[in-house]
Amino acid sequence: MYQCFVKEGLVSDSVRNELAKEITQIHCQATGVPPAFVRAMFIELPYGTSYTAGEPSEASVINGKIRAGRPLEARQQMIAELAEMWKRLTGQSEHELVIALEELASDTILEEGLIMPNPGEETDWFMRNYQHLAALGVV
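Residues numbered from 1 in each chain as written. Predicted model: local features only at pLDDT ≥ 70, side-chain atom pairs only at ≥ 80, totals over all residues. Heavy atoms only, no water.

*Asks:* Lay out the nonpolar core in plain terms, naming residues and giving numbers.
*Replies:* Generally speaking, a soluble globular protein has its nonpolar side chains buried in company with each other. Within the largest apolar cluster, 29 residues are counted, with the highest numbers of intra-cluster contacts made by Tyr-2, Ile-23, Ile-62, Leu-82, Trp-86 and Trp-125. Taken together, the elements giving at least two residues each to this core come down to strand 1 (2-7), helix 1 (13-31), strand 5 (60-67), helix 2 (72-90), strand 6 (97-104) and helix 3 (122-128). A total of five residues in this core trace back to one element, the largest contributor, which is helix 2. (Core = buried A, V, L, I, M, F, W, Y, C linked by side-chain atoms within 4.5 Å. Buried < 20%, exposed > 50% of the residue type's maximum accessible area, 1.4 Å probe, protein only. Helix = DSSP H or I, 4+ residues; strand = E, 2+ residues; numbered from the N terminus.)

*Asks:* Requested: an account of the pairing of strand 6, with residues and values cited.
*Replies:* Summarising the sheet, strand 5 and strand 6 pair through eight bridges and their orientation is parallel. Bridging across to strand 6, Ile-66 finds its partner in Glu-103. For the crossover from strand 5 across helix 2 to strand 6, the handedness is right-handed. (Pairing = 2+ DSSP bridges. Right-handed = clockwise from strand over helix to strand, strands pointing away.)

*Asks:* Can you explain the pattern of salt bridges? Please cite residues and give values.
*Replies:* One pass over the structure, following the stated rule, counts 10 salt bridges. Here Glu-22 ties to Arg-88 by a salt bridge, and the two come within 2.5 Å at their closest N and O atoms. With Glu-22 in helix 1 and Arg-88 in helix 2, this residue pair connects regions lying 66 residues apart in the sequence. In this structure, the salt-bridge partner of Arg-39 is Glu-111, at a minimum N-O distance of 3.0 Å. (Salt bridge = Lys/Arg side-chain N within 4 Å of Asp/Glu carboxyl O.)

*Asks:* Can you lay out the sheet that holds strand 1 for me, pointing to particular residues and giving the numbers?
*Replies:* A sheet is described by the order of its strands in space; here four strands give the open sequence 2-1-5-6, paired in mixed fashion. Each edge of the sheet is formed by a strand with only one pairing partner; in this case those strands are strand 2 (40-45) and strand 6. Taken pair by pair, the neighbouring strands of this sheet meet at an average axis angle of 15 degrees, ignoring direction. The strands that helix 1 touches are strand 1, strand 2 and strand 5; relative to strand 2, the one it contacts most, it runs at about 135 degrees. Where helix 2 meets the sheet, it contacts strand 1, strand 2, strand 5 and strand 6, and its direction lies at approximately 145 degrees from that of strand 6. (Axes fitted to C-alpha atoms, helices over the stretch in contact; angles between N-to-C directions. Contact = heavy atoms within 4.5 Å.)

Such coordinate-based values are descriptive only and should not be taken to indicate function.
Put into structure tokens, the structure is as follows:
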């Protein structure tokens, strides 16, 4: 789950769509998970609702919450790719961007009414839960 906090009016609908697609692509390429495992949301912040060092800030923040268990190198590569993508699509500089990936234990995440699998166990999880996921239109 990627929460993107942006200054109000920074991204148009079309740019937001591109950001969501590229966040999904970056995450899937780095982790090998299907796109259905990636959620992106955008929260617009009016001026004066975000601060850095006690002063109003127009920085964007990407807070990614991912399942724990991936190598540090993979997580850092994702951060680098997210930063490059963000700068390219929004025009914001690295000075105006903060990215954090938080690792969460899979057994503390619920999606589609199911506890999520550990990284690498997705195929078995899909097979065990196929009927449930098919009824929801996920597979």
